Amino acid sequence: MCSKFIKKELILSLLMFVFKRGMVFLSKNDTEFIKLIKDLPERFSFLMTVRNTNLRVSMKKSNGVLIYAKNQKEFDLILEFSNLCSAFLVFAGFMPQYQAFSEHRLSIKGNISDALCLTDAINRLQAVIFPDIISKKLIKEFEGSSLKEKSLFAKFYLYALLLLR
Amino acid sequence: MYYEFYCPVKIISGDNAIFNLPNELDRLKAKKPLIVTDDGIKKSGIIDSVIKMAFDELKKPMPLIFSEIPVESSTKAVEKLLNFFKQNGCDSIIAVGGGSVIDSSKALNMLIAENRDSLQELAGVDIIKNRGVPFVVIPTTAGTGAEVTSVAVIFDEDSKSKMAFASSLLMPDAAIIDPAATQTLPKKLTASSGIDALSHAIEAYISIQSNPISRALAFEAVKIIWESLPAAVKDKENKQARENMLNASLIAGMAFSNSMVGIVHSLAHSAGSVLHIPHGVAVSLFLVAGVKENAVASAKELSELLNAVAYMNEYRGTTKQRAERFIYFLEKFVNQIKQEAGLPLTLKDAGFTKEQEDEIIKLATRDGSSIFSKVALTKERAKNMIDAANN
């Protein structure tokens, strides 16, 4: 039981690392992603965390791109997963974010409009990192063609970045 | 299936239920309550007759009254209300009114609980941490369901936008449902708030967060509204119909507080902000269009709702046919109510111009209600709904 928990926590920390790198990369290189985070205010910060664990992703918007916010204490938006299992389901692509929210697995503290903006950005990230067969299940509907048209360059570059660095 | 359901509000419903108000205040250990209301309610005499009688009967002093809540609850009005509450050393709240009064009272309770003077920092989900003072609600409209919901919407006069607050700590301690409180409700308000309650029930039923309890409540609410709203609109002396509508509104409120609403409300919130029309009127314009957008994704749920509104001979057919039949009945029902009450039939009648379209779409696609809809509220879908509401 204990080792299973540790294994899940390890995989989740890896998935959160991919998420973090992906968000930073897309905010610099992907035009669709840049459009999606345009509405977020400058210096906007958010924290994704899992209750009762040390797992966390903290980022902020600076000069139009997302950067890590490691030492930040206060955040504009906090997304908190109720437990490890719920976070794993979302980060591993088994459950859409909206479903996790509707099932109270994910709680939001902050402005809902900013949360929706961030959700769209995360959807874009998922559309890029996951194969179509998975991302279609995670995203309700694509806005026009914005999320549908994935940049192959972004996809391969992101994979390379994650594997090689 | 995983779900959570929460409703800690004590409900006291029925004829003369208002007479239990002093007892409820005693139960909640409220010594100096403040009645929060609006000018219209004060002039209608509900407070001076019915509520005063309830206190006189037990030889208790009549509470203080604050009646300066505007039609649209605003930050300035709430700040004024907070000052009044503090200056007079009140220790509890009695909200007597519709959505605006109840939301303002929730906001007041939030400020008291968090010991703040301004609402801006408390906007969002689960920001507040403390429970406020004893809080009793007496709804005077049958539609918002605000007496049992965990949300409040306040217009921010600085940013000229609506701020949303959501927390289970916003819920009142008790709701008193008495048809005497709605006896002076004008026809238009009865109709628009009734359609709002219907939309709460339908959207709660088809929401991604719906669960067996919320579906049972929503189904019952649709059934009661279908039976009682036409009678309540036609004849305001029909006490039974008004009581039924109050109960339906409350039941729908319980359902949507635990299942949330969807794209109809996203459009209604944004159109309400841009066109400055009452929430119920905005909902009445988008309800059918929004349900039509859900016709495929929520065909099963809509086909089930047919059982609440039609005779048995209409039940036959495939899921798709039954869902379509429900939408057909819904459209007929809503139009009939709107015509009877003289509500705007199209967006244009409500003062909409083409130049406002982009603003409505922008606000709607950033409205939190759309999270709980099975279909995404894309710009294209929002435009379709505006076009449909304009025809």
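S.K.: Just checking my understanding: could you explain the overall build of chain A for this structure?
M.R.: Helices and strands together make up the secondary structure of chain A, namely seven helices and five strands. Along chain A, helices and strands appear, N-terminal first, in the series α-α-β-β-β-β-α-α-β-α-α-α. Across chain A, every contact between residues at least 6 apart in sequence was considered, and the portion connecting residues at least 24 apart equals 64%.

S.K.: I would appreciate a short explanation of the overall build of chain B in the present structure.
M.R.: The helix and strand inventory of chain B stands at 14 helices and nine strands. Rg of the C-alpha trace for chain B: 20 Å, near the compact-globule value of 21 Å for 391 residues, within the 12% margin. Overall, the C-alpha framework of chain B stretches about 60 × 45 × 45 Å when taken along its three principal axes. Every one of the 391 residues in chain B was classed for burial, and the buried ones make up 57%. Sequence separation of 24 or more characterises 79% of the internal contacts of chain B that already satisfy a separation of 6 or more.

S.K.: Would you take a moment to explain the interface of chain A and chain B for this structure?
M.R.: Put simply, an interface is often sized by how much accessible area is lost when its parts join up. Contacts between chain A and chain B engage 18 residues on the former and 20 residues on the latter. For the side of chain A that touches chain B, the secondary structure elements donating two or more residues are α4 (97-102), β5 (106-109) and α5 (112-129) of chain A. A total of four residues in the side of chain A that touches chain B trace back to one element, the largest contributor, which is α4(A). Across the side of chain A that touches chain B, the residue classes tally to five nonpolar, eight polar and five charged.

S.K.: In this structure, what is going on with the nonpolar core? I would like to understand it.
M.R.: Proteins that are soluble and globular tend to have nonpolar side chains buried together. Counting 173 residues, the largest nonpolar core has Val36(B), Ala201(B), Ala221(B) and Phe286(B) as the members making the most contacts within it. For this core, the leading source of residues is α5(A), giving 11 residues. Two domains share this core, each providing at least three of its residues, namely domain 1 (10-181) and domain 2 (185-389) of chain B. If we skip the residues at most four places from it in the chain, Ala221(B) touches Ala197(B), Ala201(B), Ala248(B), Ile251(B), Ala252(B) and Ala255(B).

S.K.: Just to check I follow, could you spell out helix α14 (residues 379-389) of chain B for this structure?
M.R.: Helical periodicity: at 3.6 residues per turn, an α-helix aligns residues three or four positions apart in one direction. If you check which residues of α14(B) are buried, you get Arg381(B), Ala382(B), Met385(B), Ile386(B) and Ala389(B). Each buried residue of α14(B) sits inside an arc of 140 degrees when the element is viewed along its axis, so together they form one side.

S.K.: What am I meant to see in the domain arrangement of chain B here?
M.R.: Residue and element names in this part refer to chain B. Segmentation of chain B into domains returns domain 1 (10-181) and domain 2 (185-389). Centre-to-centre separation of domain 1 and domain 2, based on C-alpha positions: 26 Å. In this complex, domain 1 contributes 21 residues to the contact, which on the side of domain 2 involves 25 residues. Those elements that provide at least two residues to the side of domain 1 that touches domain 2 are β1 (10-13), β8 (161-166) and β9 (174-177). Among the residues making up the side of domain 1 that touches domain 2, the classes are represented as nine nonpolar, 10 polar and two charged.

S.K.: Just checking my understanding: could you explain the confidence of the model for chain A for this structure?
M.R.: Atomic detail in the predicted coordinates should be set aside for any region of low pLDDT. In the predicted model, chain A carries a mean pLDDT of 84, and 82% of its residues have values of at least 70. The element-level mean pLDDT for chain A is lowest in helix α7 (residues 152-164) of chain A, coming to 61, with strand β1 (residues 45-50) of chain A highest at 95.

S.K.: What is the right way to read the sheet that holds β9(B) from this model?
M.R.: Remark on secondary structure: sheet strands pair via backbone hydrogen bonds, oriented parallel or antiparallel. Residue and element names in this part refer to chain B. Judged by pairing direction, the sheet is parallel, and its six strands sit side by side in the order β1-β9-β6-β4-β2-β3 without closing on themselves. The open sheet is flanked by β1 and β3 (64-66), the only strands paired with a single partner. Strand-to-strand, the axes of this sheet are offset by a mean angle of 20 degrees, without reference to chain direction. The pairing of strand β6 (residues 135-139) with β9 spans two bridges and is classified as parallel.

S.K.: What am I meant to see in the environment of Phe286(B) here?
M.R.: Considering the arrangement of structural elements, one finds Phe286(B) in helix α10 (residues 279-293). Every residue in contact with Phe286(B), bar those within four places of it in the chain, is listed here: Val264(B), Leu267(B), Ala268(B), Met385(B) and Ala389(B).

S.K.: Could you clarify how one ought to interpret the packing of helix α13 (residues 357-365) of chain B against α14(B) in this entry?
M.R.: A pair of packed helices can be characterised by two numbers: the angle between their axes and the separation between those axes. All names here are of chain B. At a minimum axis separation of 10 Å, α13 and α14 run at an interaxial angle of 125 degrees. Put simply, α13 runs oblique to α14. Regarding α13 and α14, the two cross each other, and that crossing is right-handed. Contact residues: α13 offers Glu357, Ile360, Ile361, Ala364 and Thr365, while α14 offers Lys379, Ala382, Lys383 and Ile386. Its residues assigned to classes, the contact of α13 with α14 shows five nonpolar, one polar and three charged.

S.K.: Please clarify how the pairing of strand β7 (residues 151-156) of chain B should be interpreted in this entry.
M.R.: For a regular strand, the rule is simple: side chains alternate between the two faces of the sheet. All names here are of chain B. With five of its six residues buried, β7 lies for the most part within the structure. Where β7 and β8 come together, six bridges link them in antiparallel fashion. In the strand pairing of β8, Phe155 is matched with Lys162. Connecting β7 to the antiparallel partner β8 that follows it, the hairpin turn spans four residues, and Lys160 within it adopts a positive phi of roughly 55 degrees.

S.K.: Could you clarify how one ought to interpret the pairing of strand β2 (residues 33-36) of chain B in this entry?
M.R.: All names here are of chain B. Where burial is concerned, the two faces of β2 agree: the one with Pro33 and Ile35 and the one with Leu34 and Val36 are both buried. Sheet topology note: the β2/strand β4 (residues 92-97) ladder contains four bridges and is parallel. Within β4, the position partnered with Leu34 by the bridge is Ile93. Both β2 and β3 contribute to a ladder of three bridges, which runs parallel. Looking at the pairing, Ile35 lines up with Ile65 of β3.

S.K.: Looking at this structure, how should I read helix α4 (residues 75-87) of chain B?
M.R.: Residues and elements named next belong to chain B. Taking 1.5 Å as the rise per residue, α4 with 13 residues should run 18 Å; its terminal C-alpha atoms sit 18 Å apart, in good agreement. Among the residues of α4, those classed as buried are Ala77, Val78, Leu81 and Phe85. For α4, the buried positions fall inside an angular range of 95 degrees around the axis, keeping them on one side. Seen from the buried face of α4, the exposed residues on the opposite side, beyond 90 degrees, are Asn83, Lys86 and Gln87. Tucked inside the fold, the buried residues of α4 contact β2, β3, α5 (99-114) and β7. Backbone geometry just after α4 places Gly89 at a positive phi near 60 degrees.

S.K.: Mind showing me how you'd approach the packing of helix α11 (residues 299-309) of chain B against helix α12 (residues 319-341) of chain B here?
M.R.: All names here are of chain B. Contact geometry of α11 with α12 gives a least axis separation of 7 Å together with a crossing angle of 55 degrees. Comparing the axis directions of α11 and α12 gives the class oblique. Judged by the sense of rotation from one axis to the other, the crossing of α11 with α12 is left-handed. Of the residues in α12, those in contact with Ala299, Lys300, Leu302, Ser303, Leu305, Leu306 and Val309 of α11 are Thr319, Lys320, Arg322, Ala323, Arg325, Phe326, Ile327 and Phe329. When its residues are assigned to classes, the contact of α11 with α12 shows nine nonpolar, two polar and four charged.

Rules and cut-offs
Residues numbered from 1 in each chain as written. Chains lettered and ligands numbered in written order. Predicted model: local features only at pLDDT ≥ 70, side-chain atom pairs only at ≥ 80, totals over all residues. Helix = DSSP H or I, 4+ residues; strand = E, 2+ residues; numbered from the N terminus. Contact = placed C-beta atoms within 7 Å. Rg over C-alpha atoms; globule rule 2.2 N^0.38 Å. Buried ≥ 20, exposed ≤ 12 C-beta atoms within 10 Å, placed from the backbone. Nonpolar A, V, L, I, M, F, W, Y, C, P; charged D, E, K, R; others polar. Core = buried A, V, L, I, M, F, W, Y, C linked by C-beta atoms within 7 Å. Domains from an automatic or database assignment. Arc of directions from axis to C-beta. pLDDT = per-residue confidence, 0-100. Pairing = 2+ DSSP bridges. Axes fitted to C-alpha atoms, helices over the stretch in contact; angles between N-to-C directions. Parallel < 35°, antiparallel > 145°, perpendicular 65-115°, else oblique. Left-handed = near helix turned anticlockwise from the far one by under 90°. Expected span 1.5 Å × (residues − 1).

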